[in-house]
Each structure stands twice: as C-alpha cells, then as structure tokens.
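Each chain, letter by letter, is given below.
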Amino acid sequence: MTRVAHCILTASVMQQNYMSNKLQQDHYKVSARDKEEAEQYLHGRGAQFNTKNKFLKDEITREHIEGIDDWTDPNVPTQYIEQQSKTIVNKVDSPDVGMAYSMNAYAGCEHGCIYCYARNVHEYWGYSAGLDFERKIIVKMNAPQLLRKQLMHPKWEVMPIMVSGNTDCYQPAEQKYRLTRGLLQVCNEFNHPVGILTKNAWIIKDKDVLQELAQKKLVTAMVSITSFNEELRRVMEPRTATAVQRLRVIEELSNAGIKMGIMMGPMIPGLNDHEMQRIMKSAADAGATFTAYTFIRLNGAIKFLFHDWLYKNFPDRADKVWHMIEQSHDGKVNDTRWGLRMRGEGAIAQIIAQQYKKYGKLYHMNEGRQGLDTTIFRRPGEQGKLF
C-alpha cells in the first residue's frame, strides 16, 4: 500500500469514527458502581428502598442507608393485589395537568419510573412510595363496570376522561387483566371521549378499538418519551419500552388514523433537557402532531428516592443536577404553586420553555389542535334527543 493510499484510508477510518461518535444517542453514561454496590443494586427497579409512609404509625423502613451495614432487600417478584373498588372516575382540580377527569385501573406502577409523582398516592393504600409502588400493584377488577355505572348516571356531564392520569394504563399488569381495553370498549359503546398517556408499546394491542374511537373523533393518545439514551432509560424508567419502540407506536397508530402526541416529562436539567429537539423532531417524523412537557419536581417521598437514585447512578454530576433543580424551584426541589410547579422558574426553566416553544413551531406541533367530540354521547337504549 502506498503512503498516499494509507493516509486516505486512515482519514476515512477517522471520519467514520467521528461520524459514529456524532450519531451516538447520548454522551452521558451511567457511572460504574463498585462491586459491593453493584451486587446490592436492584436492577429492573427504579427505587432501591421503601420510604416511610406518613400515614402509618408503626412500620419497618430504612431512613439512613449509610448507617446500616447488613441490610439487604431481595428483588422479589411483583405482586398483584386484586380488589373490588367503589369508584373509578376522579375529578381533577389541578389547572396544571390539562384534564378534568381521570381514571386508573391500576394503583402502583411496575414501570418503576424514579420521578413518578404518583408514588406518593401509594401511601394512601398503606404502602410505601418506594419499592412497594413498583412491587405491589392494586388491580381494580371491576373498573369497566364502574365506568359503565358512572356514564349511565343521568347527571353525568360529558367531558373527556384521561386514562393514566396517575399510573400507566398499559403497564405489565394490563397484559394479564386487560382492564384498559375494557374501559376503552365502554367508552366506544357510549361514544364517550377519552385520552390516553403511556410509555408502553402494549397500546398497539388495542389498535382496533382505538381506530373505532378515532373515526368518531373520540380519542387522542400521547406517548411519553424522555430520552433516547438507553443507559439512562434503563435506570430511570426500568420496565418501560425503549424510545425506538415508542416511536414505532406513534407511527403505527398515527398511520391507523389515531391522533398522536408526545409527552416530554419530566425534563431534568443535566440529564435529558438537551434532548428536547431530538425528541420533538423524531416524534414529528413518526406522525405526532401535538406535544406537552413538564419540568422535574420532587414532591413528598420522591425527593428521597430520586436523591438516592441520582447519587448512585450519576455521582459525577449529581450535585450539579440537584442544585439546578433547586434553582428552578425557589431553592427547593418541590413547588406547590399553581402554574409554576410543573414548569419551574428561573434561567434554566426559561431556557427549556424557550426550546419547547421554538422547536414546537419548527416541527409544526400543536397547530390547529381540535378537541374531542362531546356531542354524540349516548347511553345504550336511550333514544336520541330532538334538540
């Protein structure tokens, strides 16, 4: 090989390596743990311990992990707790979440997203917001029947109901119980508008029902995408579909005539906030037409769970990430003020908000978004109204 050819080949290899590095999904990597810590880490779970339940007087909990030498938590299988509930539709008073009613067939969520605001609700059931939230899933066996009863009530005023207002309606439990499908079938029977938010590809199994609802302008679905970095997703949202799978969901359902959107939440400064443009462009290319986002807030027990998770997985930047969250919530990691708690404030939150506005316009998101049809609701056996 001549010297010139060798130089050309070397340059070509260097260019390929450069392009490969440029195309990598993310330069952030989960930091390596030492051997002892790696053996104790519960893979496939977001939380690593159970926080104290503020409603229980006596319980076993672990508050100061560093002071316990021989405490081990077995990674036990998920337990499904079947029960008959009294109600299924909940009125939502918060002006920050964009829904009037929600319904959840499952309490607790096996997806195990470390940031999930629904963790605190698990304390009302007598469990912890930590590992219990991921391991002890309450299954509302009569959810479709309760929805039917609610819609048959003569005083029910038709407004869209959000499925997954709290926990994910397509979490692994749905593969066994199919309660979400039952809820959608009831909505289809009554011509009742419904919204869906999920980060699980199992929603594809209900494409037939969703298509029927979409033809009557009765459904919109959002897929949550927070990162294209698989190493980050595996520890932050351990039992969810990959970002690539979620994009395929958007594409398949969009091609089937279902109005699809994306939820980018939460945006976490120093971890995934730089991915907003990539997420919005990829989602738009897949067929998404509307978006939403939230800024990280750590309310209640989530503060302790997220702090433990952050310093175990990202010790090299944990201090910086934590302080940026504080800077965006008036020196705290939580904020209860309407209008600010889901968006944050200050320079960092403003930059994210500006990105969202800029890229939303660039990729034609939220243009001419139409609401769901509330005029064709009917109760089975009920005669149509003349006026």
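Presented here is a report on the structure given in the accompanying data block. (Residues numbered from 1 in each chain as written. Predicted model: local features only at pLDDT ≥ 70, side-chain atom pairs only at ≥ 80, totals over all residues. Heavy atoms only, no water.)

1. Points about the nonpolar core
Counting residues in hydrophobic clusters, the biggest one holds 96 residues, and the most contacted among them are Leu147, Ile196, Ile250, Phe306 and Trp309. Per element, the largest residue contribution to this core is six residues, and it comes from helix 6 (residues 179-190). The residues contacting Phe306, other than those within four sequence positions of it, are Ile114, Ile268, Ile296, Leu298, Trp322 and Ile325. (Core = buried A, V, L, I, M, F, W, Y, C linked by side-chain atoms within 4.5 Å. Buried < 20%, exposed > 50% of the residue type's maximum accessible area, 1.4 Å probe, protein only. Helix = DSSP H or I, 4+ residues; strand = E, 2+ residues; numbered from the N terminus. Contact = heavy atoms within 4.5 Å.)

2. A look at the packing of helix 6 against helix 7 (residues 207-215)
One can describe the packing of helix 6 onto helix 7 by two numbers: an axis separation of 10 Å at closest approach and a directional angle of 25°. The angle between helix 6 and helix 7 falls in the class roughly parallel. In the crossing of helix 6 with helix 7, the sense of the turn from one axis to the other is left-handed. Of helix 7, the residues touching helix 6 (which contributes Arg181, Leu184, Gln185, Cys187 and Asn188) are Asp208, Val209, Leu210, Glu212 and Leu213. (Axes fitted to C-alpha atoms, helices over the stretch in contact; angles between N-to-C directions. Parallel < 35°, antiparallel > 145°, perpendicular 65-115°, else oblique. Left-handed = near helix turned anticlockwise from the far one by under 90°.)

3. Brief notes about the pairing of strand 10 (residues 290-295)
With six of its six residues buried, strand 10 lies for the most part within the structure. Following the backbone out of strand 9 (residues 259-267), through helix 10 (residues 276-286) and into the adjacent parallel strand 10, one traces a crossover that is right-handed. (Right-handed = clockwise from strand over helix to strand, strands pointing away.)

4. Observations concerning the sheet that holds strand 10
A sheet is described by the order of its strands in space; here seven strands give the open sequence 2-3-6-7-8-9-10, paired in mixed fashion. Of all the strands in the sheet, just strand 2 (89-91) and strand 10 have a single pairing partner and so form its edges. Here the strands of the sheet are splayed against their neighbours by 25° on average, with no regard to which way each runs. In this structure, strand 2 lies alongside strand 3 (residues 101-103), joined through three bridges in antiparallel fashion. Note that in strand 3 the partner of Asn90 across the bridge is Ser102. (Pairing = 2+ DSSP bridges.)

5. A few points about unusual backbone geometry
Peptide bonds are mostly trans, and most non-glycine residues show a negative phi. Look at the link from Gly265 to Pro266: it is a cis peptide, with omega at 0°. A positive phi angle, near 55°, is found at Arg178, a position not held by glycine. With respect to the secondary-structure elements, Arg178 resides in the loop between helix 5 (174-177) and helix 6. Even without glycine at this site, Asp330 takes up a positive phi of about 60°.

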